[in-house]
Each structure stands twice: as C-alpha cells, then as structure tokens.
Amino acid sequence: MPKVKTSRVKYPEGWELIEPTLRELQAKMREAENDPHDGKRKCEALWPIFKIAHQKSRYIFDLYYRRKEISKELYEFCLDQGYADKNLIAKWKKPGYERLCCLRCIQPRDHNFATTCVCRVPKHLREEEVIECVHCGCRGCASGD
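The notes below deal with the structure included here. Bear in mind the structure is a predicted one, so any value in this text is a computation, not a measurement.

### What to know about the overall build of the protein
Here's step 1: A tally of regular secondary structure across the protein gives four helices and zero strands.
Here's step 2: Secondary structure elements in the protein, listed N-terminal to C-terminal, are α-α-α-α.
Here's step 3: Its C-alpha atoms put the protein at 70 × 40 × 30 Å along the principal axes.
Here's step 4: Residues counted as buried form 35% of the 145 residues belonging to the protein.
Here's step 5: Pairs at least 24 residues apart make up 49% of the contacts formed inside the protein by residues separated by at least 6 positions.
Here's step 6: Accessible surface for the protein amounts to roughly 10,300 Å². Of this, 51% is attributable to carbon and sulfur atoms.

Structure below.
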C-alpha cells in the first residue's frame, strides 16, 4: 500500500514571533473581503483590501530588511506561502520606489496617456491639494514627499 502524502507545512524557526500579527492581518483581510460595499464605487470597495495587503507586505519587509529580526529562511517562507507580495517588495528595494503603495500605480497601461498614477506625483508639484488614487485609495506614495 502506498504512503499517503500529507500537505503538512513545516514552519521555520521564528514563525511563532510573527504568526499572531499575520493571523490578525488575515482576519482583517477576511473582514474587508466580506464587508458590504453598498453606496461605494466599484473601485472604492477594493481599497481596504489593497491597504491590508500592503500592510502585510510592509510588515515582513521591515522585519527582514530594516530591523533584521527574522531569518532569510523565514522571510522566503513568508513569500512562498503568499503572506507578502514579492513583486512589491522587490520594487521597495529600488531607489525611488521606497514608499510605493501598489504595483498598479506604476503600470503605464492602466493609466491615461501611458503615464503613472497621480499618487506618484510629489506633493509640491500637484495642482490639487487632496488626491486619491483610483486603484488603491493612496493619497501619495512618491519618494520625495
């Protein structure tokens, strides 16, 4: 009789330190996904989800690159298991993208005139005082702000 393979995930050392925060953020994400979006625009309903996904990625990024509190093994485990967005973190490591809110804001195909999002414009160059990104609700993620 063949062995039965189980899909048991082995957690790396240090997981117990970040697990409560990640579980809390996952619960917030579930709540945001199930939240009714009556009276909101179609794009506004997704803003809380983008915000929480950004928060999870930033938490793991800060633990590994800024505070150096987690190991490389735990960092890669979090990326592989989908706890953080590896493409967004890759952009944060590049100069000029340290405060990027989401990847849609830098993709020219999603914007008029093949440019980037209005939230990427530095505050001192804006014509309007208060702006919100249509994609994620960001009010400004330019590195020079």
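That was the structure; now back to the text.
### Thoughts on the layout of surface pockets
Here's step 1: Its volume calculated, the largest pocket comes out at about 290 Å³.
Here's step 2: Along its surface, the largest pocket is lined by 13 residues, and W47, K51, C136, G137 and C138 are the ones closest to its centre.
Here's step 3: Looking at the lining of the largest pocket residue by residue, the class counts come to seven nonpolar, three polar and three charged.
Here's step 4: Computed from the structure, the second largest pocket encloses a volume of approximately 200 Å³.
Here's step 5: Together, 15 residues line the second largest pocket, and A53, H54, S57, D85 and L88 are the ones closest to its centre.
Here's step 6: In terms of residues, the lining of the second largest pocket owes the most to one element, helix α2 (residues 47–66), which gives five residues.
Here's step 7: Classifying every residue of the lining of the second largest pocket gives nine nonpolar, three polar and three charged.

### Overview of the side chain of R120
Here's step 1: By the secondary structure assignment, R120 is in the segment after α4 (86–92).
Here's step 2: Buried and without a salt bridge, R120 has E98 as its closest oppositely charged side chain, separated by 7.0 Å.
Here's step 3: Excluding anything up to four places from it in sequence, R120 contacts G96, Y97, L100, C105, I106, C141 and A142.

### Quick notes on the pattern of salt bridges
Here's step 1: All chains considered together, the criterion is met by six salt bridges.
Here's step 2: A salt bridge links R66 to D62; its shortest N-O distance comes to 3.3 Å. Here R66 and its partner D62 are both found in helix α2, four residues apart, which amounts to about one turn of the helix.

### Quick notes on the side chain of S57
Here's step 1: Along the chain, the position of S57 falls in helix α2.
Here's step 2: One polar contact links the side chain of S57 to the main-chain amide nitrogen of D85, over a distance of 2.9 Å.
Here's step 3: Apart from the residues lying within four places of it in its own chain, the contact partners of S57 are A84, D85, L88, I89 and W92.

### Looking at the packing of aromatic side chains
Here a ring pair, both rings aromatic, is described through the centre-centre distance and the interplanar angle of the planes.
Here's step 1: Scanning the model with the defined rule gives nine aromatic pairs in all.
Here's step 2: For the pair W15 and F77, a centre-to-centre distance of 5.6 Å together with 80 degrees between the ring planes defines the contact as edge-to-face. Here F77 lies in helix α3 (residues 72–80) and W15 lies in helix α1 (residues 15–34), a separation of 62 residues in the sequence. For the pair W15 and F77, one class covers both residues: buried.
Here's step 3: Three or more aromatic residues joined by ring pairs make a cluster, and in this case those are F61, Y64, Y65, Y75 and W92.
Here's step 4: For the cation-ring pair, R58 lies above W92, with the distance from its terminal atom to the ring centre recorded as 3.9 Å.

Cut-off values and rules
Residues numbered from 1 in each chain as written. Predicted model: local features only at pLDDT ≥ 70, side-chain atom pairs only at ≥ 80, totals over all residues. Heavy atoms only, no water. Helix = DSSP H or I, 4+ residues; strand = E, 2+ residues; numbered from the N terminus. Buried < 20%, exposed > 50% of the residue type's maximum accessible area, 1.4 Å probe, protein only. Contact = heavy atoms within 4.5 Å. Areas by Shrake-Rupley, 256 points an atom, 1.4 Å probe, with all protein chains shown as cover. 1 Å grid on protein atoms, 1.4 Å probe; cavity = no way out; pocket = protein on both sides within 12 Å on 5 of 7 lines; lining within 4 Å. Points joined across faces, edges and corners; volume = space filled by probe spheres on them. Nonpolar A, V, L, I, M, F, W, Y, C, P; charged D, E, K, R; others polar. Lys, Arg positive; Asp, Glu negative; His and termini not counted. Salt bridge = Lys/Arg side-chain N within 4 Å of Asp/Glu carboxyl O. Polar contact = N/O pair within 3.5 Å; in protein donor to acceptor, adjacent residues only side chain to side chain. Phe/Tyr/Trp six-rings, centres within 6.5 Å; stacked < 30°, edge-to-face > 60°. Lys NZ or Arg CZ within 6 Å of the ring centre and 35° of its normal.

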